[in-house]
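In case you want the letters, here they are:
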Amino acid sequence: MIFITIDNIHLNYSDQGHGFPVIIMTGYAGYKEIWRSQVDYLINHGYRVINLDRRNSGNSETTTKGLRMSRQGQDLAELIAYLVFTRVNLMGNSMGAAVIWTYLSLYGEAKVNKIISVDQSPKMVTDDTWPYGLLDVTWDNFPKESEKMYSVKTTYNRISNETYAAVKAAQGNAEFNHGLNRPLLYDHVFQDWRDILTILRKPILFVAGRQSPFWSSNYALASATLCDKGYAKIVNNAGHVVMAEQEKEFNQLMQEFLLD
């Protein structure tokens, strides 16, 4: 399915199932098919699932327009309005989680029910106030140091054959344009979303991979303490793409949190 934003960018998404809605977003350069297991699980448990390829990701349109986090948050707001949702669960991995925080900063939490953030630190530059940044990125070497993430293996545990095949089929021969998307990456790394977490009153679950290659998984515990209703779970034998590396455990955590 295609949704057209107000600046005329075509976003690819799927809309399946019936029941309370869940919008899912993956990370930088990701394809929505990485959530294959979660989409099937949620549909089978009575949810309506909207799985979005964000601007410049997956099979959505590639553009030079709006390469900033604020535009990503606006894209989400426009989709929520287009689907006429008055309350919705939001779930995102990596930059997909940061898009949720961007949305909250711009539009508030009135339409949000619950949030699941998967392996994304709310602050990616390490300094005296936050030891859980991206790799070795500090204010002294930002932003160029952040590009080292390109060479990092994101997974610790092998993802399932079914999910791998789904992602590869969606990707085809396409290659992500890192150069074009550099402004978005830099803007993403620059942000500090801790102030948004401190005023959030809706439940949020931080799921981290114990073996995440990007930051200490303890960021999840620290992030949860910032929130009024924050919870954290560190999943063993998982890297950055927790939901695809430990599908069964993640799906159980997801369901328990959403139903609680």
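Residues numbered from 1 in each chain as written. Predicted model: local features only at pLDDT ≥ 70, side-chain atom pairs only at ≥ 80, totals over all residues. Heavy atoms only, no water.

K.L.:
Can you walk me through unusual backbone geometry in this structure?
P.N.:
The general pattern is negative phi for most residues beyond glycine and trans for most peptide bonds. Put simply, phenylalanine 142 and proline 143 share a cis peptide bond, and its omega is 10 degrees. Of note, proline 143 is situated in the loop between strand 6 (112-118) and helix 4 (161-171). Although it is not a glycine, asparagine 56 sits at a positive phi angle of roughly 70 degrees. Within the secondary structure, asparagine 56 sits in the loop between strand 4 (47-52) and helix 2 (69-82). Positive phi is not limited to glycine here, since serine 94 has a value of about 55 degrees. Along the chain, serine 94 falls in the loop between strand 5 (88-93) and helix 3 (95-107). Since its relative accessible area comes to 11%, serine 94 is described here as buried. (Helix = DSSP H or I, 4+ residues; strand = E, 2+ residues; numbered from the N terminus. Buried < 20%, exposed > 50% of the residue type's maximum accessible area, 1.4 Å probe, protein only.)

K.L.:
It is not clear to me how the packing of aromatic side chains should be interpreted in this structure. Could you clarify?
P.N.:
Note on aromatic pairs: each is described by the distance of the centres and the angle between the planes. Counting across every chain of the model gives 14 aromatic pairs. Ring centres of phenylalanine 3 and tyrosine 82 lie 5.0 Å apart, and the angle between their planes is 50 degrees; this geometry places the pair in the tilted category. Of the two residues, phenylalanine 3 is situated in strand 1 (residues 2-4) and tyrosine 82 in helix 2; the sequence distance between them amounts to 79 residues. Classification of tyrosine 82 by relative accessible area gives partly exposed; the value is 48%. (Phe/Tyr/Trp six-rings, centres within 6.5 Å; stacked < 30°, edge-to-face > 60°.)

K.L.:
Please explain the pattern of salt bridges as it appears in this structure.
P.N.:
Two side chains bearing opposite charge may form a pair once their charged atoms approach each other closely. One pass over the full model with this rule turns up 15 salt bridges. The closest approach of N and O atoms between arginine 71 and aspartate 75, which form a salt bridge, is 2.7 Å. On the criterion of helical spacing, the pair formed by arginine 71 and aspartate 75 is a turn pair, its members being 4 residues apart in helix 2. We classify aspartate 75 as buried; its relative accessible area is 4%. Between aspartate 127 and lysine 123 there is a salt bridge, with the nearest N and O atoms lying 3.0 Å from each other. Its relative accessible area of 24% is what places aspartate 127 among the partly exposed residues. For lysine 123, a relative accessible area of 3% puts it in the buried group. Taken together, the salt bridges that share partners define one network made up of Asp7, Arg55, Arg71, Asp75 and Glu78. (Salt bridge = Lys/Arg side-chain N within 4 Å of Asp/Glu carboxyl O.)

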